[in-house]
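Residues per chain, in single letters:
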Amino acid sequence: MKKFVPFGILIIVVILAFAFPGNFVATPAATTLNKADIAWMLIATALVLLMTPGLAFFYGGMVSKKNVISTMLQSFVCMGLITIIWVVFGFSLAFGQDVGGAGIIGNPGSFFMMQHTLGVAWLGGTIPVILFAMFQLKFAVITPALITGAFAERIRFNSYLIFITLFIVFIYAPLAHATWHPEGIFYKMGVLDFAGGTVVHMSAGWAALASALYLKKRTEIPESHAPARISYVILGTGLLWFGWFGFNAGSALGANELASTALATTTTASAAAAMSWVFFDILRGKKPSALGACIGAVVGLVAITPAAGYVTVSQSLIVGIVAAVVSNLVVIWRSRTNIDDTLDVFPCHGVGGMMGMLMTGIFATKSVNSAGANGLFFGETSLFVKHLIALVAVSVFAFVGSFILLKVTDMISTLRVTPEEEITGLDISQHDEEL
């Protein structure tokens, strides 16, 4: 019977598509939407989607050869599964009308099956709702994919699909609503998260730590593990860096000066973090490595994400350098514990996201974005305190919530492969494929 459930769900989706064929609205007046903004956001949306295949290469190159395909597929499949969930009711949960005035979740019926998204500008802005929905979809796609690096090489594929479905509904959507919806609790509090420090990276990082603790160590000794393809990691880093311009600059929601600033801070923070990671490794007596440079670059991208549209270009250098050193130290600490976070998702994404949120609270300035606030560096403490509160709240919510979802998933479908399947490799045991 279990074999029929996934396809049965698709049949239900088809029925819903017949019942809710979409709203056909006349093209809005020329003054409502801006063609330049629409053009840029179409490009930005495509760039963000490219990040997920980039992540597949980034993670796939780090695991052992017998797990490359399974690891890459865990990222790639998010582009399929999460898209369906988002179109049916996920976008409504994240950006629909606030339920009960609590600022925690949206009404699942607001944009059910993408109703009410044609011929309407998002929040009276310059891009249509459907474009905003597709842009935000790409954020929702990559977030659960980020988690996969923590439980790589030991999770059953079918159980993984259940977990990421639950994660999007119960962790990601509430955080997106609370942070980015005008009625969201963090939004109204004044928390600044330009492109996903809390919503994407902290949520994925804490879920990764919960996953590593829940699934425990791999059967084989991690120290004996050698990355399958460093060249894949380099390729993946390049794709991530390229796509991240859509991630951050696209969050300006228009072809404007703020997008230009976000693009610039993204460039400099990542560059600074890459070099910081390499130079810190040299300081520790290690040889400079391609893997280290790539990890550092990604940490810089993570850290600048919440700050990209609120800090100056020069201060983005500080963000990248500090985040890389702190994340590197946490990687060292993690390696001395029994926590088997396979690809160090928590030290890089979780810690990187938290460092970015804290430094946004320090370096944010209204001179860059008048819609933001001045941070601690400019003599105001309010924003920094708000970010501390949000950091603690999001950390507890994402970690505890993810741990509960892992347990629920395990009750529905066993999460971990057998020791024999793990030794054989997930490529063969889960997909009957190999390099």
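For every chain, the first residue of the written sequence is number 1, and numbering continues from 1 onward in sequence order. Local features are withheld for residues below a pLDDT of 70 in this predicted model, meaning they are given only at 70 or higher, and side-chain atom pairs are given and counted only at 80 or more; totals for whole chains, interfaces and linings count all residues. Side-chain numbers here rest on the full set of heavy atoms in the structure, without hydrogens or water.

*Asks:* What should I look at first to understand the packing of aromatic side chains in this one?
*Replies:* The geometry of an aromatic ring pair comes down to the distance between the two centres and the angle between the two planes. Side-chain rings of Phe, Tyr and Trp, where Trp is taken by its six-membered ring, are said to pair if the distance between their centres is within 6.5 Å; with planes under 30 degrees apart they count as stacked, over 60 as edge-to-face, and otherwise as tilted. Going through the model one piece at a time under the given rule, you end up with 29 aromatic pairs. Measuring from centroid to centroid gives 6.2 Å for F91 and F132, while their planes differ by 65 degrees, and the two rings are edge-to-face. Taken as a pair, F91 in helix α4 (residues 78–95) and F132 in helix α5 (residues 129–147) lie far apart in primary sequence, 41 residues in all. Accessibility classification places F91 together with F132 in one group, the buried group. Residues F111 and W122 carry aromatic rings whose centres are separated by 6.5 Å and whose planes lie at 55 degrees to one another, so their mutual orientation is tilted. Taken together, the residues F111 in the loop between α4 and α5 and W122 in the loop between α4 and α5 connect sequence positions 11 residues apart. Of the two residues, F111 and W122, both sit in the buried class. By the ring-pair criterion, three or more aromatic residues cluster together here, those being W86, F91, F95, F111, W122, F132 and Y172. Counting from the N terminus, the helices are DSSP H or I runs at least four residues long and the strands are E runs at least two residues long. Summary of the burial criterion: residues with accessible area below 20% of their type's maximum are buried, those above 50% are exposed, and those between are partly exposed, where the area comes from a 1.4 Å probe applied to protein chains only.

*Asks:* Sorry if this is basic, but what is going on with the side chain of T237 here?
*Replies:* For T237, the position within the fold is in helix α9 (residues 230–249). Note on contacts: a residue pair qualifies if any of its non-hydrogen atoms lie within 4.5 Å across the two residues. Each residue touching T237, except ones within four places of it in the same chain, is listed here: F58, C294, A297 and V298.

*Asks:* What exactly am I supposed to notice about the side chain of S276 here?
*Replies:* Looking at the secondary structure, you find S276 in helix α10 (residues 257–283). Beyond its immediate sequence surroundings of up to four residues, S276 is in contact with I321, A324 and V325.

*Asks:* Please explain a nonpolar patch on the surface as it appears in this structure.
*Replies:* Each patch is built from residues that are more than 30% exposed by relative accessible area and take part in no salt bridge. Like charges join if they lie within 9 Å; nonpolar side chains (Val, Leu, Ile, Met, Phe, Trp, Tyr) join within 5 Å. To measure how exposed things are, a 1.4 Å probe is used in the Shrake-Rupley method; for residues, cover is taken only from the protein chains shown. Definition used for salt bridges: Asp or Glu carboxyl oxygen within 4 Å of a side-chain nitrogen of Lys or Arg. The grouping of V392, V396, V400, I404, V408 and I412 at the surface amounts to a nonpolar patch, some 490 Å² of accessible area in total. Its place among the elements puts V400 in helix α14 (residues 382–412).

*Asks:* Looking at this structure, how should I read unusual backbone geometry?
*Replies:* Glycine aside, residues mostly have negative phi, and peptide bonds are mostly found in the trans state. One non-glycine residue with positive phi stands out, namely M114, at about 65 degrees. Within the secondary structure, M114 sits in the loop between α4 and α5. Positive phi, normally seen in glycine, also occurs at K216, with a value near 65 degrees. For K216, the location among the structural elements is in the loop between α8 (197–215) and α9.

*Asks:* Please explain the nonpolar core as it appears in this structure.
*Replies:* Nonpolar side chains in soluble globular proteins generally cluster together in the buried interior. Membership of the largest hydrophobic core comes to 124 residues, with the highest contact counts inside it found for F58, I82, F91, F139, Y172 and F247. Here F58 is in contact with Y232, V233, G236, T237, L240, C294, I295 and V298, once residues within four sequence places are set aside. For our purposes a nonpolar core is just a set of buried Ala, Val, Leu, Ile, Met, Phe, Trp, Tyr and Cys residues, chained together by side-chain atoms within 4.5 Å.

*Asks:* Explanation requested: the pattern of salt bridges in the structure shown.
*Replies:* Any two side chains of opposite charge can pair, given that their charged atoms come close. One pass over the structure, following the stated rule, counts 6 salt bridges. E153 is the partner of R218 in a salt bridge, and the nearest nitrogen-oxygen pair spans 2.6 Å. Of this pair, R218 sits in the loop between α8 and α9 while E153 sits in the loop between α5 and α6 (157–180), and the two are 65 residues apart along the sequence. E153 matches R218 in its accessibility class, with the two residues each being buried.

*Asks:* Quick question: what am I supposed to make of the state of the cysteines here?
*Replies:* Cysteine sulfurs are considered disulfide-paired once they come within 2.5 Å of each other. With the rule as written, the count across this model stands at 0 disulfides. In this structure C78 is not part of a disulfide, and its nearest cysteine sulfur, from C348, lies 19 Å away. Since its relative accessible area comes to 0%, C78 is described here as buried. Free cysteine C348: the closest other cysteine sulfur is in C294, separated by 12 Å.

*Asks:* Just checking my understanding: could you explain α4 for this structure?
*Replies:* Because an α-helix completes one turn every 3.6 residues, residues spaced three or four positions apart along the sequence face the same direction. By this rule, a helix spans an expected 1.5 Å times one less than how many residues it contains. Here α4 is 18 residues long, yet its end C-alpha atoms lie only 20 Å apart, well below the 26 Å a rise of 1.5 Å per residue gives. The largest bend in α4 is about 70 degrees, located at W86. All of the buried residues in α4 are C78, M79, I82, I85, W86, V88, G90, F91, S92, L93, A94 and F95. For α4, the elements touching its buried residues are α1 (4–19), α2 (35–60), α3 (68–76), α5 and α6. Working definition for bend: take the seven residues up to and ending at a residue and the seven starting at it, fit an axis to each, and measure the angle between the axes.

*Asks:* Would you take a moment to explain the environment of L16 for this structure?
*Replies:* By secondary structure assignment, the location of L16 is in helix α1. When the C-alpha atoms of L16 and V88 are compared, they prove to be 8.5 Å apart, with 72 residues separating the residues in sequence. Those residues in contact with L16, other than ones at most four positions away along the chain, are V88, F112 and M113.

*Asks:* Where do I start with the packing of α6 against α14 in this structure?
*Replies:* Between two packed helices, both the angle of their axes relative to each other and the distance between the axes serve to describe the pair. At a minimum axis distance of 9 Å, the contact between α6 and α14 shows a crossing angle of 150 degrees. Accordingly, the angle class assigned to the pair α6 and α14 is roughly antiparallel. For the pair α6 and α14, the crossing hand works out as right-handed. Where α6 abuts α14, its residues S159, I162, F163, L166, F167, F170, I171, P174 and L175 lie against V394, F397, A398, G401, S402, L405, L406, V408, T409 and I412. When residues are grouped by polarity, Ala, Val, Leu, Ile, Met, Phe, Trp, Tyr, Cys and Pro land in nonpolar, Asp, Glu, Lys and Arg in charged, and all others, Gly among them, in polar. Grouping the constituent residues of the contact of α6 with α14 by class yields 15 nonpolar, 4 polar and no charged. Axis angles are defined between N-to-C directions and span 0 to 180 degrees, where every axis is a line fitted to C-alpha atoms and, for a helix, only to the segment in contact. Roughly parallel here means an angle under 35 degrees, roughly antiparallel means over 145, roughly perpendicular means 65 to 115, and every remaining angle is called oblique. For any pair of crossing helices, the crossing counts as left-handed if the nearer helix is rotated counterclockwise from the farther one by less than a right angle, and right-handed if it is rotated clockwise.

*Asks:* For this particular structure, what's the right way to read α6?
*Replies:* The sharpest bend along α6 measures roughly 40 degrees and falls at I168. Of all 24 residues in α6, 19 are buried, a share of seventy percent or more.

*Asks:* Would you mind going over the environment of N328 with me for this structure?
*Replies:* Within the secondary structure, N328 is located in helix α12 (residues 313–335). A relative accessible area of 2% means that N328 is categorised as buried. Each C-alpha atom, one on N328 and one on F280, is 8.2 Å from the other, the two residues being 48 residues apart in sequence. Every residue in contact with N328, bar those within four places of it in the chain, is listed here: W277, F280, D281 and R284. Two N or O atoms form a polar contact when they lie within 3.5 Å of each other; inside protein one atom must be a possible hydrogen donor and the other a possible acceptor, and for residues adjacent in sequence the pair counts only when both atoms belong to side chains. A polar atom in the side chain of N328 sits 3.2 Å from the side chain of D281.

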